[in-house]
Amino acid sequence: MNDMPRFSNADQQIWQALVDGGPRAAAGEKTFTVRNPANGDVIATVADCSCDDALSAIDAAQRALPEWRARTAAERGTILRRWYDLMIAEEDTLARLITAEMGKPLGEALGEVRYGAGYIKWFAEEAERVYGEIIPAPVGGAKAFVTREPVGVCAAITPWNFPNAMLMRKVAPALAAGCTMVAKPAEDTPLSALAAAQLAIEAGVPAGVFNVVPTSNAGEVGRALTESEVVRKLSFTGSTGVGRKLLAQCAGTVKRTSMELGGNAPFIVFADADLDAAVDGAMASKYRNAGQTCVCANRFYVQREIHDAFCAKLVERVRALKVGDGAQDGTEVGPLINQAALDKVSRLLAEAVEGGARIATGGASTEGLFFEPTVVADVARDASIVREEIFGPVAPIIAFDTEEEVVAAANDTPYGLAAYCYTRDLGRAWRMSDALEYGMVGLNEGIISSVAAPFGGIKQSGMGREGSRHGIEDYLEMKYIRMGGLSA
Ligand SMILES: NC(=O)c1ccc[n+]([C@@H]2O[C@H](COP(=O)([O-])OP(=O)(O)OC[C@H]3O[C@@H](n4cnc5c(N)ncnc54)[C@H](O)[C@@H]3O)[C@@H](O)[C@H]2O)c1
Ligand SMILES: O=C[C@H](O)CS(=O)(=O)O
């Protein structure tokens, strides 16, 4: 990846932090390496930022705020649109970066770049739709109204599974609203964030408005971001466990927070469903990104009458999936991100089998970090693979009989991000979407994400929404103004 001099500091071949409008070596010039999960190769050396580096980035964001927030929404939107154009012009390079640092197939990586860039375009336009309100005067001789103002200096902490899109869906609304941003990408995948920030600078985003501090010490940098009184908001995407920790760390300074956390999506198939459509949806939802998305189907509930037919069709499709290096043509399922992820998937599957489950296809880690796309049937309802987020290419299947029974099972989780239901009965479709306790529901759809959709969860899957016309709200404050003394 050091063959990208535009992004890495070519002469030293180090991907420096991007702070205050340019590359910045970490304090002590510390570095860490990034490896390709497909083969373990070191693909880049990156500045290893510390608390001091984070504080410098926060200072740069604070200095940049007055001028950036003073620009008109149209001016900010024009710069964001230029950034979008640069992202699309560089989409192939950015896709190669994603595949190299986290393993997804190039086709999926290209889709992610376009998805992430789509958020920039969307919020370039939404910037000019941040309206205020006029309130009917509560008393004579007075006017009352509401204006919307940027929250201020924001921080973002993002995951490795969508290293471009998860950050773009935070930084785009933040900058559109007039905020400035300090971002800490995941240690496994800092390159996509750094490349996107470089393009932002080239697009005319002023120095200090968007800063990226890569680090192998998430806790130290995270604490600098969460404890700073200058940082008025934290937007986090990641596991629920880390989200809880960060919420607690933000309490001391009463920060605004957006939390996009873990999921445990039920995928429900009724006997009256279009079976082929349900299998198509299952394949798209379960095996995308090797099962490493927060909205992947995590457990399949299939009505007993069609259980065997559904399993047979699914197994046939899963067996045909091509596993390999995401950079190779034809690869459909890449590696898992690291050994810990592989160990977790293996553990959950082994525990399911110990509980009586039957592996219908797959079930083994092949070489390195690759895991065979798997279908496992006859899974116990309370198995750990049903209760925990798998984050791997394994589909546990459970038979059910009645609507009431499956609603209870689907909702029996602390998570509430996404749920899926296949049925051709319109009444049942409405009853299910009403009854499912989730932030997002796919009805006869396995892929529901879009820049136009309010993406987010309830319960312990988080708070706030990203994308849609709602996504910019998380970066705005409301100011109520009452103007008196207006009587003749
Ligand atoms: N709801 C969503 O939109 C969404 C999207 C993608 C991923 N996720 C969730 O993210 C998880 C997988 O991603 P992950 O493994 O990167 O999650 P993670 O929580 O381990 O890490 C996410 C980010 O938090 C950082 N982090 C970890 N510990 C920290 C600490 N103590 N202080 C500060 N930062 C810390 C990491 O460095 C990374 O940047 C899954 O649970 C998945 O469901 C949710
Ligand atoms: O996993 C995280 C992403 O939000 C998944 S999606 O591409 O937005 O569906």
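Rules used in this analysis
Along each chain, residue indices are assigned from 1 in the same order as the chain's sequence is written. The lettering of chains begins at A and the numbering of ligands begins at 1, in the order of writing. Owing to the predicted nature of the model, reporting of local features is limited to residues with pLDDT of at least 70; listing and counting of side-chain atom pairs is limited to 80 or more, with chain, interface and lining totals taken over all residues. For side-chain calculations, the full set of non-hydrogen atoms in the structure is used, while hydrogens and water are omitted. All axes here are fitted lines through C-alpha atoms, helices being fitted over the stretch that makes contact, and every angle between N-to-C directions spans 0 to 180 degrees. Secondary structure elements are taken from DSSP: a helix is a run of H or I of four residues or more, a strand is a run of E of two residues or more, and numbering for both begins at the N terminus. Each crossing gets its hand from how the near helix is turned against the far one by less than a right angle, where anticlockwise is left-handed and clockwise is right-handed. In what follows, a contact means two residues having at least one pair of non-hydrogen atoms within 4.5 Å. Each residue receives one of three labels: charged for Asp, Glu, Lys and Arg, nonpolar for Ala, Val, Leu, Ile, Met, Phe, Trp, Tyr, Cys and Pro, and polar for the others, Gly being one of them. Here a residue counts as near a molecule or strand whenever at least one of its heavy atoms sits within 4 Å of it. Each polar contact in these results corresponds to two N or O atoms within 3.5 Å; when the atoms are within protein, one needs to be able to donate a hydrogen and the other to accept it, and residues that are neighboring in sequence are counted only if both atoms are side-chain atoms. Put simply, a salt bridge is a Lys or Arg side-chain nitrogen that is within 4 Å of an Asp or Glu carboxyl oxygen. Using a 1.4 Å probe on the protein chains alone, a residue whose accessible area is under 20% of its type maximum counts as buried, one over 50% counts as exposed, and one in between counts as partly exposed. Two rings from Phe, Tyr or Trp (for Trp, the six-membered ring) form a pair when their centres sit within 6.5 Å of each other. Planes less than 30 degrees apart are called stacked, planes more than 60 degrees apart edge-to-face, and all others tilted. We call a charge positioned above a ring when the Lys NZ or Arg CZ atom is no farther than 6 Å from the ring centre and deviates by at most 35 degrees from the ring normal.

S.K.: I'd like to hear about the packing of helix α1 (residues 51-70) against helix α7 (residues 218-227), residue by residue, with values.
M.R.: Contact geometry for α1 and α7: axes closest at 8 Å, N-to-C directions at 35°. Handedness of the α1/α7 crossing: right-handed. Every residue of α7 that contacts α1 at C51, A54, L55 and I58 is listed here: E220, V221, A224 and L225. Its residues assigned to classes, the contact of α1 with α7 shows seven nonpolar, no polar and one charged.

S.K.: I'd like a description of the environment of V254, backed by residues and values.
M.R.: The residue V254 is located in the loop between α8 (240-251) and β11 (256-260) in this model. Distance in space between the C-alpha atoms of V254 and R232 is 8.0 Å, their sequence separation being 22 residues.

S.K.: Can you break down the site of ligand 1 residue by residue, with the values?
M.R.: As a structural note, the neighbourhood of ligand 1 is formed by 30 residues, with T158, E187, S239, L261 and E389 the closest of them. Between ligand 1 and T158 there is a distance of 2.6 Å, counted from an oxygen atom to a backbone nitrogen or oxygen. Between ligand 1 and the protein, one listed contact pairs an oxygen atom with a side-chain N or O atom of E260 at 3.4 Å. The residue makeup of the shell around ligand 1, split by class, is 15 nonpolar, nine polar and six charged.

S.K.: Describe the pattern of salt bridges, with residues and values.
M.R.: Here the structure, examined in full by the defined rule, presents 26 salt bridges. With a shortest N-O distance of 2.9 Å, E149 and K479 are connected by a salt bridge. In this pair, E149 sits in strand β6 (residues 143-150) while K479 sits in strand β20 (residues 476-483), placing the two residues 330 residues apart along the sequence. By relative accessible area, which is 22% here, E149 ends up partly exposed. Of the charged contacts in the structure, one is a salt bridge between E403 and R428, with a shortest N-O distance of 2.8 Å. Highlighted residues: E403 in helix α13 (residues 403-411) and R428 in helix α14 (residues 426-435), separated in sequence by 25 residues. When its relative accessible area of 16% is taken as the criterion, R428 is described as buried. Each member of the salt-bridge network shares a partner with another, and the members are D272, E403, R428 and R431.

S.K.: I'd like to hear about the side chain of S468, residue by residue, with values.
M.R.: Here S468 shows up in the loop between β19 (462-463) and β20. You can call S468 buried: its relative accessible area is 2%. Each residue touching S468, except ones within four places of it in the same chain, is listed here: W122, F123, V451, A452, A453 and P454.

S.K.: Pulling in residues and values, what's your account of the packing of aromatic side chains?
M.R.: Aromatic ring pairs are reported here in terms of the distance separating the ring centres and the angle at which the planes meet. Scanning all chains against the criterion turns up eight aromatic pairs. Ring centres 5.1 Å apart and planes at 55° place the aromatic pair Y115 and Y119 in the tilted group. On the criterion of helical spacing, the pair formed by Y115 and Y119 is a turn pair, its members being four residues apart in helix α4 (residues 106-126). A relative accessible area of 18% places Y115 in the buried class. Each ring, one from F267 and one from Y420, has its centre 5.8 Å from the other, and the planes form 35°; the classification is tilted. Residue F267 is found in strand β12 (residues 265-269), and its partner Y420 is found in strand β17 (residues 418-422); the two are separated by 153 residues along the sequence. With respect to class, F267 is no different from Y420; both count as buried. Clustering of aromatic rings is evident, with ring pairs tying together F267, F300, F310, Y420 and Y422. Across the ring face of F162, the terminal group of K104 is positioned such that the distance to the ring centre comes to 3.5 Å. Above the face of the F270 ring, R428 is positioned so that its terminal group lies 4.1 Å from the ring centre.

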